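# Per-entry structural report
Here are the chains, one letter per residue:
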Amino acid sequence: MANQSMEIIAKVLEQSAKLVEEQVDAQLAKLNEMDEDDLERLKERRLEALKKAQKQKQEWLSKGHGEYRDISSEKDFFSEVKDSKNVVCHFYRNSTFRCKILDKHLAILAKKHVETKFIKLNAEKAPFLTERLRIKVIPTLALLIDGKTKDYVVGFTDLGNTDEFTTEMLEWRLGCADVINYSGNLREPPTATQRSGTKFTKVEKKTIRGRGYDSDSEDD
């Protein structure tokens, strides 16, 4: 029985290798069929795409992307959100320890995901916004796309209910809201590096328009 299973596995591997080889051969044949003009046009298209991507990156950087910044007022919030398509705003309080934990991860992600603006705003200096967005738990991340609040990350519930969540876990959660360009698997969180026994809340993509929150185990 074991030998039969091994033979089946070997056959499947052989077929897979043959398929990959055929695909590579097809690509090489296609390249061989291209003349110098075709190769030159391909090179020009790739160069144009690189130039366009670099121009877009410079535009984002000029708008404050690429760094995690503290904004001083509610007025600044509206101008920052209006200026960028994707925005992650951390509503924090200086006396809340978990806000400092989020700061560390957000600073890393701001540099990695230049396509998104990462900012923070002291909730005590933004009574109008916290009331309008119904922010009752600190820390809360407001995730905005095209000037509208699409989702929230409230406390650490969606991050495994632990202070020791990874940057990758937060990155996955932001990816679920489409507020960053996430290249991983959105169906399951990156739990491999988390402590065993940690519980996670699976997040479905959704649009949220101002909801109320019950206080969890947060400082508030």
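Details of the structure are given in the entry above.
A quick note: this is a predicted structure, and the numbers were derived from the prediction, not measured.

What follows concerns the sheet that holds strand β5 (residues 148-154). Read across the sheet, 5 strands follow the order β1-β3-β2-β4-β5 without closing on themselves; strand pairing throughout is mixed. At either end of the open sheet lies a strand with only one pairing partner, and these are β1 (68-71) and β5. Neighbouring strand axes in the sheet, compared pairwise and without regard to direction, differ in orientation by 25° on average. Bridge analysis of strand β2 (residues 86-92) against strand β3 (residues 117-122) gives 6 bridges, and the strand direction is parallel. Its bridge partner lying in β3, Y92 is registered against N122. Contacting β1, β2, β3 and β4 (140-145), helix α3 (residues 74-83) runs over the sheet at an angle of about 165° to β3. Contacts from helix α6 (residues 167-176) reach β2, β3, β4 and β5, with the element oriented near 40° to β4.

The next thing to look at is the pairing of β4. Among the 6 residues of β4, 6 are classified as buried, and the element is accordingly described as predominantly covered. Residues T140, A142 and L144 point to one face of β4 and L141, L143 and I145 to the other, with burial holding for every one of them. The pairing of β2 with β4 spans 6 bridges and is classified as antiparallel. Looking across to β4, one finds that V87 is bridged to L144. Where β4 lies against β5, 6 bridges are found, and the strand directions are antiparallel. Bridging from a neighbouring strand, A142 pairs with Y152 of β5. A loop of 2 residues connects β4 with β5, the two strands running antiparallel in sequence, and D146 in this loop sits at a positive phi of about 55°.

Another point: the pattern of salt bridges. A side chain with one charge can pair with a side chain of the opposite charge if their charged atoms come near. In total, this model carries 10 salt bridges according to the counting rule given. Ionic pairing is found between K85 and D146, a salt bridge with its closest N-O pair at 3.2 Å. Residue K85 is located in the loop between α3 and β2, and its partner D146 is located in the loop between β4 and β5; the two are separated by 61 residues in the primary sequence. Several salt bridges converge on common partners, so that one network encompasses R69, E80 and K117.

Here is what the cut-offs are and how they apply
Residues numbered from 1 in each chain as written. Predicted model: local features only at pLDDT ≥ 70, side-chain atom pairs only at ≥ 80, totals over all residues. Heavy atoms only, no water. Pairing = 2+ DSSP bridges. Helix = DSSP H or I, 4+ residues; strand = E, 2+ residues; numbered from the N terminus. Axes fitted to C-alpha atoms, helices over the stretch in contact; angles between N-to-C directions. Contact = heavy atoms within 4.5 Å. Buried < 20%, exposed > 50% of the residue type's maximum accessible area, 1.4 Å probe, protein only. Salt bridge = Lys/Arg side-chain N within 4 Å of Asp/Glu carboxyl O.

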